[in-house]
Amino acid sequence: MSNLAQRLITAVVAIPLVFFLLWFNDFSRIGLMCFLGGVGAWEWAGMVSKMYKGPDMRAYSFAATFALTLAWALSKGGFFGLGAVPCVVGMACVVILAGYISMAYSKVDIDHLFPWLVMQIAAPLYVGLWGGMNVLMMGNGQGFENCYAFILVMTSMWLCDTVAYFFGKFAAGKGPFGRHLFAPTISPKKTWEGSVAGTLATVAWVAYWSSQTAALSAFNVQIDIVKGCVLGLLIAVSGQAGDLLMSALKRWSGTKDSGNLFVGHGGVLDRCDSFYLTAPALYILLDCMEKFA
């Protein structure tokens with residue numbers, strides 16, 4: 001079976017499943033985010049292990065990131081019929097960091113201790129502590145209206161990646177368009193032309209979504225066309241930055257695909273790399289806009 005056929009089959013199965021879990025209730029919604037975060041951290045730890053000698057931290061990274069993502073949900077309150085749990089994110093961070101430090105001191109050779117520790121801790125810090133903020137964009141109860149903001153991020157990243165890929169592949173270097181490499185040492189196939197095309201498509205999409213009264217219902221913010229364009233630019237730039245970060249990690253570790261959870265597409269860090277940077281950035285901006293409106 002060709003790679004394209006595998007990709008299409010995976011998409012046909014995975015996309016409806018993801019939307020069903022986002023729609024069904026807060027258990028399925030938060031469970032999905034915790035699982036994806038945990039698998040992403042597992043993949044990250046595996047790549048780091050290729051570069052530095054030390055104990056296998058994949059299972060611990062999975063558990064730590066799962067716990068941090070869940071902690072964000074518990075800190076917000078409203079999920080699972082529970083109120084907000086104070087200090088739960090901070091307490092989770094202390095326990096997780098203590099585990100990494102203890103493992104480093106007892107199991108890692110001094111020549112590799114500090115780079116091993118920094119790169120292994122980076123998995124739950126980035127995917128769980130930062131990317132785990134994805135759940136703050138969600139609400140409890142059944143219905144897509146409880147996660148419109150996250151769906152906006154998800155669809156925007158798919159659109160940006162798709163337009164950038166096809167424009168860079170088929171239009172860049174032809175007709176009036178040039179072909180200028182975007183980050184040749186990290187991702188040699190990405191072009192400035194594809195990046196700009198993806199950004200413009202994302203800005204247009206977010207501006208349209210933002211004009212809908214219920215699109216960002218989780219935030220008490222009035223979004224006009226100008227603010228929508230600003231949000232679109234933020235999503236496009238942060239999404240591509242997250243993509244490049246994961247590309248750099250894979251190239252550094254000599255890894256083609258971070259995993260194989262999505263057959264034909266790769267792992268979580270191949271498919272969801274943009275979400276872990278974009279959704280938290282959007283949440284913080286919208287939260288600030290709500291507070292200072």
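What counts and how
- Within any chain, residue numbers begin from 1 and follow the written order of that chain's sequence.
- Local features are withheld for residues below a pLDDT of 70 in this predicted model, meaning they are given only at 70 or higher, and side-chain atom pairs are given and counted only at 80 or more; totals for whole chains, interfaces and linings count all residues.
- The basis for every side-chain value is the complete set of heavy atoms in the structure, and neither hydrogens nor water enter the calculation.
- The secondary structure listing takes helices from DSSP runs of H or I that are at least 4 residues long and strands from runs of E that are at least 2 residues long, numbered from the N terminus.
- Burial classification: accessible surface area is computed with a 1.4 Å probe over protein chains only, and a residue below 20% of its type maximum counts as buried, one above 50% as exposed, and the rest as partly exposed.
- Contacts between residues were defined by any pair of non-hydrogen atoms, one from each residue, lying within 4.5 Å.
- Areas reported here follow the Shrake-Rupley algorithm with a probe of radius 1.4 Å; residue values treat only the protein chains shown as occluding.
- For the purpose of counting charges, residues Lys and Arg are taken to be positive, whereas Asp and Glu are taken to be negative. His and the chain ends are not included.
- Just so you know, the charge point we use is NZ for Lys, CZ for Arg, CG for Asp and CD for Glu.
- Axes here mean lines fitted to C-alpha atoms, for a helix over just the part in contact, with angles spanning 0 to 180 degrees between N-to-C directions.
- Left-handed is the label given to a crossing in which the near helix is rotated counterclockwise from the far helix by less than a right angle, and right-handed is the label when the rotation is clockwise.
- Throughout this entry, Asp, Glu, Lys and Arg are counted as charged residues, while Ala, Val, Leu, Ile, Met, Phe, Trp, Tyr, Cys and Pro are counted as nonpolar. The remaining residues, Gly among them, count as polar.
- Think of a 1 Å grid over the protein atoms and nothing else: a 1.4 Å probe that fits but is trapped marks a cavity, an open set flanked by protein within 12 Å on at least five of seven lines marks a pocket, and residues with an atom within 4 Å of a point count as lining.
- Grid points are joined across faces, edges and corners, and a volume is the space filled by probe spheres set on the points.
- DSSP bridges decide pairing: two strands pair if at least two such bridges lie between them.

Engineer: Mind laying out the overall build of the protein chain, listing which residues take part and the relevant values?
Structural biologist: Helix and strand counts for the protein chain stand at 10 helices and two strands. Listing each helix as α and each strand as β along the protein chain from the N terminus yields α-α-α-α-α-α-β-β-α-α-α-α. The principal-axis extent of the C-alpha atoms belonging to the protein chain is close to 60 × 50 × 40 Å. Here the protein chain holds 293 residues, and the buried ones make up 47% of them. Looking at the protein chain alone, contacts between residues at least 24 apart form 71% of all its contacts between residues at least 6 apart. Carbon and sulfur atoms make up 70% of the accessible area of the protein chain, which totals about 14,000 Å². The average position of the 18 basic charges and that of the 15 acidic charges among the side chains of the protein chain differ by 8 Å.

Engineer: If you had to explain the packing of helix α2 (residues 26–49) against helix α8 (residues 225–253) to someone new, which residues and values would you point to?
Structural biologist: To describe two helices that pack against each other, one gives the angle between their axes and the distance between the axes. Across the interface, α2 lies against α8 with an axial gap of 9 Å and an inter-helix angle of 35°. Classified by chirality, the crossing of α8 by α2 is left-handed. Residues Trp-44, Met-47 and Val-48 of α2 touch α8, and the partners they reach there are Met-246, Leu-249, Lys-250, Trp-252 and Ser-253. Its residues placed into classes, the contact of α2 with α8 shows six nonpolar, one polar and one charged.

Engineer: Please provide a residue-by-residue account of empty space enclosed by the protein, values included.
Structural biologist: Over the atoms a probe the size of a water molecule is rolled, and this reveals where empty space is left. Tallying each qualifying case throughout the model produces one cavity of 30 Å³ or more. Here the largest cavity is characterised by a volume of approximately 30 Å³. In this structure, the largest cavity is lined by Met-33, Gly-37, Thr-69, Val-127, Gly-131, Gly-132, Asn-134 and Tyr-276. Residue classes in the lining of the largest cavity are distributed as three nonpolar, five polar and no charged.

Engineer: Lay out the pairing of strand β2 (residues 187–191) with the relevant residues and their values.
Structural biologist: In the sheet, strand β1 (residues 181–183) pairs with β2 via two bridges, with the strands oriented antiparallel. The partner of Ala-183 across the bridge, within β2, is Ser-187. Hairpin connection between β1 and β2: a loop of three residues separates the two successive antiparallel strands.

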